[in-house]
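Secondary and tertiary structure notes
Chain residues, written in single-letter form:
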Amino acid sequence: MRLTLSARPPFALRAVVQSHGWARLAPFSFDADHAVLTYVDLLRTGRVVEMVINEAGDGVTIEIEGGLSEPERSEVAAKVSWMLRLEQDFSVFYDLAKDEPKLNQVEEQAQGRLLRCPTLFEDVVKTILTTNTTWTGTIRMVEALVSRFGTPLHTDPERHAFPTPGQLATTDEDMLRSAARLGYRAPYVLELARAVASGALDLESLKTSESPTQDLRKRLLAIKGVGGYAAANLLMLLGRHDFVAIDSWAVKLVSHEWYGGAPVGRAEVEAAFERWRQWKGLAYWFWDWSYRDQT
DNA sequence: GGTAGACCTGGACGC
DNA sequence: GCGTCCAGGTCTACC
């Protein structure tokens, strides 16, 4: 079965996929040669499907093996639209970026959309697994979580959907430490999964919340394992770009760009992008750091 | 509000 | 092959 979805222009699937590393984390995969994004998902009906997403016309097509019921079609369309931010409008950011040489490429290259997972739960777990580790460590931990706890794809049992909060809630800390090698992050992921599974934490409601960004930030910071860096990243995924996700790399880049390599702190990173106000997160994200491979 | 130390893993390095 | 050191954010305890 094939679904077709249109996107608000400008749109480029490759730009969304390459916006950050999520496409390299299971159950995503990306065929760079053919620009095909795939994602294995557990639908509400209990069926596991592989979404094969291609750019086509002014949007994307989604191919799924076999037929889909009408509720399943609606669910797939809504999830892909959310994951790729097909409807998001970046025109204000593009107008601001036109006069900045380090950002004037963003509209032409259709940058602005950041790939995200279908649930905020999955985005939060993955973000926690990016903290205090290397990128290869994150890939390894996510792969272990998915393969060990996720529901397998019927047509390819080697591939699995991302585990639901309920699936993770029934495990224990020792299992997360030994089977997925999450280390000290294990209790954070377990506590989050149990809170969401029990209904004590309605994480998904944040996706449509109209609360001020500061309020959303406070709610994210209340999650164990989510600090300033993780909260800023998650706000970006929620479409709120008011904060820069300051990690050691951000500090290094800002030091090199504005301070001649001298040591700087969080305040200097914030100050460097202050003029971009509600777009400062995106301005940092898509700043032309082309010299960085030399740093 | 600011700071120090612990948390855990894997990679780099020296022997 | 083994041991040591280090990088990576967040939490807790303490001032």
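Residues numbered from 1 in each chain as written. Chains lettered and ligands numbered in written order. Predicted model: local features only at pLDDT ≥ 70, side-chain atom pairs only at ≥ 80, totals over all residues. Heavy atoms only, no water.

**Quick word on the overall build of chain A**
A count of helices and strands for chain A gives 13 helices and seven strands. The C-alpha radius of gyration computed for chain A amounts to 19 Å, which stays within 12% of the reference 19 Å derived for 295 residues, consistent with globular compactness. Out of the 295 residues in chain A, the part that is buried amounts to 49%. Partitioning the contacts of chain A with sequence separation of at least 6, the portion at a separation of at least 24 is 63%. On chain A, roughly 13,700 Å² of surface is accessible, and the fraction owed to carbon and sulfur atoms is 49%. Each charge class in chain A can be summarised by its mean position, and for the 33 positive and 39 negative side chains these summaries are 4 Å apart. (Helix = DSSP H or I, 4+ residues; strand = E, 2+ residues; numbered from the N terminus. Rg over C-alpha atoms; globule rule 2.2 N^0.38 Å. Buried < 20%, exposed > 50% of the residue type's maximum accessible area, 1.4 Å probe, protein only. Contact = heavy atoms within 4.5 Å. Areas by Shrake-Rupley, 256 points an atom, 1.4 Å probe, with all protein chains shown as cover. Lys, Arg positive; Asp, Glu negative; His and termini not counted. Charge placed at Lys NZ, Arg CZ, Asp CG, Glu CD.)

**Description of the side chain of Thr138**
Residue placement: Thr138 occurs in helix H5 (residues 135-149). Take Thr138: its relative accessible area is 1%, and that puts it in the buried class. Setting aside its immediate chain neighbours within four residues, Thr138 contacts Leu25, Lys126, Leu129, Thr130 and Thr133.

**Things to note about the protein's contact with DNA strand C**
Neighbouring residues of DNA strand C: 15 residues in total, closest Asn132, Gly225, Gly227, Ala230 and Asp247. Here Asn132 contributes a backbone N or O atom positioned 2.4 Å from a base nitrogen of DNA strand C. The side chain of Lys224 places a nitrogen or oxygen atom 3.5 Å from a phosphate oxygen of DNA strand C. Residue contributions to the surface near DNA strand C peak at three residues, all from helix H10 (residues 228-237). (Near = heavy atom within 4 Å. Polar contact = N/O pair within 3.5 Å; in protein donor to acceptor, adjacent residues only side chain to side chain.)

**Here's the deal with the sheet that holds strand E1 (residues 2-6)**
To summarise the sheet geometry, strands pair through backbone hydrogen bonds and adopt either a parallel or an antiparallel arrangement. Reading across the sheet, the five strands line up as E1-E5-E4-E3-E2 and stay open at both edges, with antiparallel pairing between neighbours. Each edge of the open sheet carries a strand with a single partner, namely E1 and strand E2 (28-31). On average, each strand axis in the sheet is inclined to that of its neighbour by 25°, with strand direction left out of account. Together, E1, E2, strand E3 (36-42), strand E4 (48-56) and strand E5 (59-63) form the strand contacts of helix H2 (residues 70-84), whose direction differs from that of E1 by roughly 40°. (Pairing = 2+ DSSP bridges. Axes fitted to C-alpha atoms, helices over the stretch in contact; angles between N-to-C directions.)

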